[in-house]
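Here is how the chains run, residue by residue.
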Amino acid sequence: MKRVVSGIQPTGNLHLGNYLGAIRNWVRMQDEEPGCLFFLADLHAITVWNDPKDLRANIRAMAAALMAAGIDPTRATLFPQSLVPEHAELAWILNCIARIGWLNRMTQFKEKSGKDREGASIGLFAYPVLQAADVLVYKATHVPVGEDQKQHLELARDIAQKFNTDYETELFTLPEPYIQGRAARVMSLRDGSAKMSKSDPSDMSRINLTDDADTIATKIKKAKTDPEVLPADPALLDGRPEARNLVAIYGALADQSEAEVLAQFEGKGFGAFKPALAELTVAKIAPITARYNELRQDIAYIDDVLGKGAARARELARPTVAEVYETVGFLAR
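Residues numbered from 1 in each chain as written. Predicted model: local features only at pLDDT ≥ 70, side-chain atom pairs only at ≥ 80, totals over all residues. Heavy atoms only, no water.

Asker: Which residues make up the pairing of strand 2 (residues 37-40), and what values do they have?
Answerer: Judged by which residues are buried, strand 2 turns out to be covered on both faces: Leu 37 and Phe 39 on one side and Phe 38 and Leu 40 on the other are all buried. Two strands pair when backbone bridges link them, and strand 1 (residues 5-8) and strand 2 are joined in this way by four bridges, in the parallel orientation. Among the inter-strand pairings, Ile 8 is bridged to a residue of strand 2, identified as Leu 40. Regarding topology, helix 1 (residues 16-32) serves as the crossover connection from strand 1 to the parallel strand 2, and that connection is right-handed. (Buried < 20%, exposed > 50% of the residue type's maximum accessible area, 1.4 Å probe, protein only. Helix = DSSP H or I, 4+ residues; strand = E, 2+ residues; numbered from the N terminus. Pairing = 2+ DSSP bridges. Right-handed = clockwise from strand over helix to strand, strands pointing away.)

Asker: How would you sum up the sheet that holds strand 3 (residues 77-80)? Please name residues and give values.
Answerer: Taken in spatial order, the three strands of this open sheet run 1-2-3, and their pairing is parallel. Each edge of the open sheet is held by one strand with a lone partner, namely strand 1 and strand 3. Taken pair by pair, the neighbouring strands of this sheet meet at an average axis angle of 20°, ignoring direction. Two elements, strand 2 and strand 3, share four bridges in a ladder whose sense is parallel. In the sheet register, Leu 40 faces strand 3, and the bridge partner there is Pro 80. Contacts from helix 13 (residues 299-328) reach strand 2 and strand 3 within the one sheet, and its direction differs from that of strand 3 by about 100°. (Axes fitted to C-alpha atoms, helices over the stretch in contact; angles between N-to-C directions. Contact = heavy atoms within 4.5 Å.)

Asker: Go over the packing of aromatic side chains with me, naming the residues and quoting the values.
Answerer: The full count for this structure, using the stated rule, is 10 aromatic pairs. Where Tyr 250 meets Phe 273, the ring centres are 5.6 Å apart and the plane angle is 40°; that geometry is what we call tilted. With Tyr 250 in helix 10 (residues 241-254) and Phe 273 in helix 12 (residues 270-296), this pair connects stretches of sequence that are 23 residues apart. Looking at Phe 273, the relative accessible area reads 0%, which means it is buried. Note on Phe 265 and Phe 273: the rings are 4.9 Å apart at their centroids and 90° apart in plane angle, and the pair reads as edge-to-face. Comparing Phe 265 with Phe 273, the two get one shared label, buried. (Phe/Tyr/Trp six-rings, centres within 6.5 Å; stacked < 30°, edge-to-face > 60°.)

Asker: With reference to specific residues and values, describe the environment of Asp 233.
Answerer: Position of Asp 233 relative to the elements: it lies in the loop between helix 9 (213-221) and helix 10. Using a relative accessible area of 39% as the deciding quantity, one classes Asp 233 as partly exposed. Sequence separation between Asp 233 and Glu 89 is 144 residues; the distance between their C-alpha atoms is 52 Å.

Asker: So, the packing of helix 9 against helix 12: which residues are in play, and what are the values?
Answerer: Viewed as axis vectors pointing N to C, helix 9 and helix 12 meet at an angle of 145°, and their least axial separation amounts to 9 Å. Between helix 9 and helix 12 the crossing geometry is right-handed. Between helix 9 and helix 12, the residues in contact are Ala 213, Ile 216, Ala 217, Ile 220 and Lys 221 and Lys 274, Leu 277, Ala 278, Thr 281, Val 282 and Ile 285, respectively. (Left-handed = near helix turned anticlockwise from the far one by under 90°.)

Asker: Outline the side chain of Glu 33, supporting the account with residue identities and numerical values.
Answerer: Among the secondary structure elements, Glu 33 is positioned in the loop between helix 1 and strand 2. Glu 33 gets classed as buried once you look at its relative accessible area, which sits at 17%. Excluding residues within four positions of it along the chain, Glu 33 makes contact with Lys 2, Val 4 and Tyr 178.

Asker: Account for the environment of Val 186, naming residues and giving values.
Answerer: Mapped onto the elements, Val 186 comes out in the loop between strand 5 (176-178) and helix 9. When its relative accessible area of 7% is taken as the criterion, Val 186 is described as buried. The spatial distance from the C-alpha of Val 186 to the C-alpha of Arg 206 is 9.3 Å, given a sequence separation of 20 residues.

Asker: Go over the side chain of Asp 211 with me, naming the residues and quoting the values.
Answerer: Mapped onto the elements of the fold, Asp 211 is located in the loop between strand 5 and helix 9. Note on Asp 211: relative accessible area 9%, which makes it buried. Side-chain polar atoms of Asp 211 contact the backbone nitrogen of Asn 208, separated by 2.8 Å. Looking at Asp 211, its side chain comes within polar contact range of the side chain of Lys 219, at 2.8 Å. (Polar contact = N/O pair within 3.5 Å; in protein donor to acceptor, adjacent residues only side chain to side chain.)

Asker: Describe the UniProt feature "binding site: L-tryptophan" (unreviewed entry) in the protein chain, and please don't skip the residues or the numbers.
Answerer: The sites that UniProt annotates as "binding site: L-tryptophan" (unreviewed entry) are Asp 134. Looking at the secondary structure, you find Asp 134 in helix 7 (residues 122-136). Given a relative accessible area of 2%, Asp 134 falls into the buried group. If we ignore the near neighbours within four places in the chain, the residues touching Asp 134 are Val 5, Phe 39, His 44, Gln 81 and His 87. (UniProt positions renumbered as here; feature names shortened; annotations may be inferred.)

Asker: Lay out helix 8 (residues 150-166) in plain terms, naming residues and giving numbers.
Answerer: With 17 residues, helix 8 extends 24 Å from end C-alpha to end C-alpha; this agrees with the ideal 24 Å at 1.5 Å per step. The complete set of buried residues in helix 8 reads His 152, Leu 153, Leu 155, Ala 156, Ile 159, Ala 160, Lys 162, Phe 163 and Asn 164. The positive-phi residue at the C-terminal boundary of helix 8 is Glu 168, with phi of around 50°. (Expected span 1.5 Å × (residues − 1).)

Structure follows, in structure tokens:
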């Protein structure tokens, strides 16, 4: 039986990039693969400093966003990673299986630690092992990954294979990548070469899920573009990052390819394209925003959903960790 597991860090100021890049795909996954597990990666979040009050609020906000976007907690298991201690338990054992050389090759650590590598936390260095535990604890068969996560899935497979080899067992399934539909990489409205991000100091760089219709229209109207008209050939968007970004956003929201979008707007300038993009964005995002704002007010409901989801997840995780304990030689749990 296929088992799909995926996680997302609970960050504040959820924006269009979060929705098109991850959340919408999760909604599709729950329809395609019954029994998906989706977790809020709060253990990963603390690899860098988080104010406790903000972290707690962001966990609930992300849960609200997922449900507003269409995640149904009666059909998929939604939970915070920290409420399932088996993630951390298994991660320690896998830390003893993984090799420093493997982690030294992880490109994301180099990017996230920057020039202050010696000042980075051990958690930031070792978090790919926790990522491996996140999926192996459920014996996941498939994991959705983007370009920036392929290396981490390969590490999870290497760790699982080494554990199986060292202990002469077939305990762990080697997870395969879950092939999704067209992925949306949403860039900043102010700089088409940078990803849309909550950390950008300019709120005009992103469309937040809390923005109202007028705000969305204003941000799109003021989005950086160029004076040229839209071409028929997508290849002619090369070297025009802002133009390509807006076309990509339209395509993602309309579920169309670049070529299909350009066929519709060929020869038109952004004076015509931007209002159409604003109208489409509002039509797609406004219902999510309304439901998100409604859910944010019901903390008791969110906590109940996450608590029940964690209980279901633990039912799946406990037997795996018990099996691992038996295999490595610990006393019975």
